[in-house]
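# Close look at the chain arrangement
Chain by chain, the residues:
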Amino acid sequence: MAALTTRGYRVAPFKVGPDFIDPGHHGRLTGRLSRNLDGWMLSQAYNLDAFATHTADADIAVVEGVMGLYDGYDGISEAGSTAQMAKWLGLPVLLVVGARSMARSAAALVQGFEGFDDALSFAGVLFNHLGSDRHLDYLKEAMIGHVRMPVLGGLMRDAAIAIPERHLGLVTREDHELSEENRRRLADLIENRLDLDALLQRLPDLDRRGNASTPRSGTRMSDVRIGVARDAAFCFYYPDNLELLEAAGAQLVFFSPLTDSRLPESLDGLYFGGGYPELHAGALAGNRLLRQEVRRRSRMNMPIYGECGGFMYLCREMGDTDGNVFPMTGCLPFATRMLERRKALGYREVTQSTATLLGPVGQVMRGHEFHYSTITDGAVDVPGAYRMIDRAGMDKATEGYLVNQTLGSYVHLHFGSRPQAASHFVNACRQWAAGKSKTKGTVHETP
């Protein structure tokens, strides 16, 4: 993406699968929002429409895959895999193979990928983690007579270009500075180690087979204001979620629970996305005025939605792995605590067993869980508003906790799986605003 942008291309970036971190880095390199495509959370029509919409003014699209090429949500079908998405979009695959300590065996590996699915096309193979130019020569020799796709280049092992990692994956763009020098270095690396011209010659024209009809912002007049927490602690949002809220009539007002002592003026609802509140627990706890204001709004029955990290912020307290406990907003009566090991990872389908600000009883939505924290206290006090199953159809614990009109859950929902959810959220805010204007009530509480 850095190399193509440096060449002057307008690059439309995409990421397959439920990922917030990689798209952030894509956006910094291309200057455009990166969009998630997903064969399990989202329908084929939604994916095609999203691709058509966001490539309409682009010269080239780059879609980063997820896991291995053929890895999906089970071992039987291609559903949810990069291969499935490539075929849906009609795009060839640039196969990236980690070839550390490999020579002729790499040919068998590439041959297996190439022959596994005849319906999939390949632009070529790029080898990674090489030790020398001679290593690349060995690999090129091994491919002769065994694979059809060309070898387009090889990247040397270079720790200097690696992005640091932590418990949820790569460090986010908010916490990993990319200087102009490093950007140029990335672009030069690809120009020098990948035959970019040969790759471009093997790419088809963009096939915008969707209808470019995915709802976008500005489709109706904004008549409610929803505050959206966005900073280093809360940075996990699907752009589609925000745009679907705008399309339903919301004006989004961004604020920082880390640094703002007051909520923005004249809000009708609040949205707390995921992120890394555990890394900023002290600062969030120290911002007592904002915590109290959020709690007051919850007790006034304002529609408030929080997922994963945002859910933790809406709880009573958050504990770290060292035994420290930090007060949060107290909108929900739970205590959460960080664990040393991952608590949950995977796709989730939720069916509302209770009407919430996102929709009626029986509404089905899809998303995913990925977190290292757990509820340690208070769970018995609030029944779950969601019935939840995983991607294999296995029942999971009930989820989605509702107090007043505050809804919190560990599940990151993609509103594209049920666009009506965004409309319900905005309507709940609209109704609350109308009721507030009539009652002019005041809530008193002890800090």
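Everything here concerns the structure above.
Everything numeric in this text was worked out from a predicted model, so none of it was measured. (Residues numbered from 1 in each chain as written. Predicted model: local features only at pLDDT ≥ 70, side-chain atom pairs only at ≥ 80, totals over all residues. Heavy atoms only, no water.)

## Here's the deal with the overall build of the chain
Let me state the cut-off plainly: Strands are runs of DSSP state E lasting at least two residues, helices are runs of H or I lasting at least four, and both sets are numbered from the N terminus onward. Accessible area is worked out with a 1.4 Å probe on protein chains only. A residue is then buried under 20% of its type maximum, exposed over 50%, and partly exposed in between. The contact criterion used is simple: two residues touch if any of their non-hydrogen atoms lie within 4.5 Å. In short, Shrake-Rupley with a 1.4 Å probe defines the accessible areas, and a residue's cover is counted only from the protein chains shown.
In terms of regular secondary structure, the chain is built from 13 helices and 24 strands. Considering the chain as a whole, with its 447 residues, one finds that 53% of them fall into the buried category. Long-range pairs, those at least 24 residues apart, make up 75% of the contacts in the chain with a sequence separation of at least 6. Put simply, the chain shows about 19,700 Å² of open surface, and 49% of that area lies on carbon and sulfur atoms.

## Examining the packing of aromatic side chains
Convention followed: Stacked, tilted and edge-to-face are the three classes applied to pairs of Phe, Tyr and Trp rings, where Trp contributes its six-membered ring and a pair requires centres within 6.5 Å; stacked means planes under 30 degrees apart, edge-to-face means over 60, and tilted covers the rest. Geometrically, a lysine NZ or arginine CZ counts as sitting over a ring once it is within 6 Å of the ring centre and also within 35 degrees of the ring normal.
Scanning the entire structure with this criterion turns up 22 aromatic pairs. Ring geometry for phenylalanine 234 against tyrosine 313: centres 5.4 Å apart, planes inclined by 65°, an arrangement best described as edge-to-face. Remark: tyrosine 313 occurs in helix α12 (residues 309–314) and phenylalanine 234 occurs in strand β10 (residues 234–236); sequence separation between them is 79 residues. Across this residue pair, the class does not change: phenylalanine 234 and tyrosine 313 are buried. Taken together, a centroid distance of 5.7 Å and an interplanar angle of 70° make the contact between phenylalanine 236 and tyrosine 276 edge-to-face. Within this pair, whereas phenylalanine 236 is found in strand β10, its partner tyrosine 276 is found in the loop between β13 (274–275) and α10 (281–286), the two being separated by 40 residues in sequence. Accessibility classification places phenylalanine 236 together with tyrosine 276 in one group, the buried group. An aromatic cluster of at least three residues, connected via ring pairs, comprises Tyr237, Tyr271, Tyr305, Phe415 and Phe425. Sitting over the ring of tryptophan 40, arginine 366 keeps its end group 3.9 Å from the ring centre.

## Let's talk about the sheet that holds strand β1 (residues 11–16)
This is how the line gets drawn: Two strands qualify as a pair provided DSSP detects at least 2 bridges between them. To obtain each axis, a line is fitted to C-alpha atoms, and for helices this fit is confined to the stretch in contact; angles are then taken between N-to-C directions over 0 to 180 degrees.
Pairing is parallel in the open sheet, where 3 strands are placed in the order β2-β1-β3. Two strands bound the open sheet, and with one partner strand each, they are β2 (35–37) and β3 (60–64). Put simply, the sheet's adjacent strands are angled 30° from each other on average, direction ignored. Here β1 runs beside β2; their pairing, made up of 3 bridges, is parallel.

## A closer look at the nonpolar core
The cut-off we apply is this: Side-chain atoms within 4.5 Å are what join buried Ala, Val, Leu, Ile, Met, Phe, Trp, Tyr and Cys residues into a set we call a nonpolar core.
Judged by nonpolar contacts, the single largest core of 89 residues is most densely connected at Tyr305 and Leu358. Top contributing element to this core by residue count: helix α13 (residues 420–439), with 7 residues. Apart from residues lying up to four places away in sequence, tyrosine 305 is in contact with Leu270, Tyr271, Phe272, Leu314, Leu357, Leu358, Tyr386, Leu407, Val411, Leu413, Phe415 and Phe425.

## A closer look at the pairing of strand β21 (residues 384–390)
Judged from the 5 bridges that link them, strand β18 (residues 344–352) and β21 form a sheet pairing that is antiparallel. By the bridge assignment for β21, valine 350 is matched with methionine 388. Strand direction decides the pairing type here: β21 and strand β22 (residues 399–403), joined by 2 bridges, are antiparallel. Bridging from a neighbouring strand, glycine 384 pairs with tyrosine 401 of β22.

## Here's the deal with the sheet that holds strand β17 (residues 335–338)
Strands sit in the order β16-β15-β17-β20 across an open sheet of 4 strands; the sheet is mixed. Of all the strands in the sheet, the pair left with one neighbour each is β16 (325–327) and β20 (373–377). Neighbour-to-neighbour, the strand axes of this sheet turn through a mean angle of 30°, independent of strand direction. Note: β17 against β20, 4 bridges, orientation antiparallel. Looking at the pairing, threonine 336 lines up with isoleucine 375 of β20.

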